[in-house]
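# Per-entry structural report
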Amino acid sequence: MTTQQEARKAMAESRQHEEHIEENMLSRSQEKIEQSSSQEIEQEARDLMVKQRQQGKHIQETMLSRSEAEIEGQGK
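Residues numbered from 1 in each chain as written. Predicted model: local features only at pLDDT ≥ 70, side-chain atom pairs only at ≥ 80, totals over all residues. Heavy atoms only, no water.

### Here's the deal with the overall build of the protein
For the protein, the count of helices and strands is 1 helix and 0 strands. Since a compact globule built from 76 residues should have a radius of gyration of about 11 Å, the 33 Å found for the protein marks it as more spread out than a globular shape. By the burial criterion, 0% of the 76 residues in the protein qualify as buried. For the protein, the exposed surface amounts to about 7600 Å²; the carbon and sulfur share of it is 51%. For the protein, the distance from the average site of its 11 positive side-chain charges to the average site of its 16 negative ones is 3 Å. (Helix = DSSP H or I, 4+ residues; strand = E, 2+ residues; numbered from the N terminus. Rg over C-alpha atoms; globule rule 2.2 N^0.38 Å. Buried < 20%, exposed > 50% of the residue type's maximum accessible area, 1.4 Å probe, protein only. Areas by Shrake-Rupley, 256 points an atom, 1.4 Å probe, with all protein chains shown as cover. Lys, Arg positive; Asp, Glu negative; His and termini not counted. Charge placed at Lys NZ, Arg CZ, Asp CG, Glu CD.)

What follows is the structure in structure tokens.
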């Protein structure tokens, strides 16, 4: 093999190695993005569930308070 052929082979191997590294980096980046998005969605879902529970509790308290007021008003 001539020096020129060896140089071409080395350059091709180097290019393949760089492409492999880039593909790995891209794959890892995509995984992190998906993971991050998933975590953000889960956090938003938790926040919404807490908010719904608080609203439900507030509605129950309001209904209870109104019912007690009506009962007291009827008793007088």
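### Let's talk about the pattern of salt bridges
In a structure, side chains of opposite charge can pair up when their charged atoms sit close to one another. Going through the model one piece at a time under the given rule, you end up with 1 salt bridge. Note that Arg-46 and Glu-42 form a salt bridge whose closest N and O atoms lie 3.8 Å from each other. Taken together, the residues Arg-46 and Glu-42, both in helix α1 (residues 3-75) and 4 residues apart, mark about one turn of the helix. You can call Glu-42 partly exposed: its relative accessible area is 41%. (Salt bridge = Lys/Arg side-chain N within 4 Å of Asp/Glu carboxyl O.)

### Side note on a negative patch on the surface
A surface patch of negative charge is lined by Glu-18, Glu-19, Glu-22 and Glu-23. Turning to its location among the elements, Glu-18 is positioned in helix α1. (Patch = residues over 30% accessible without salt bridge, like charges linked within 9 Å, V, L, I, M, F, W, Y side chains within 5 Å.)

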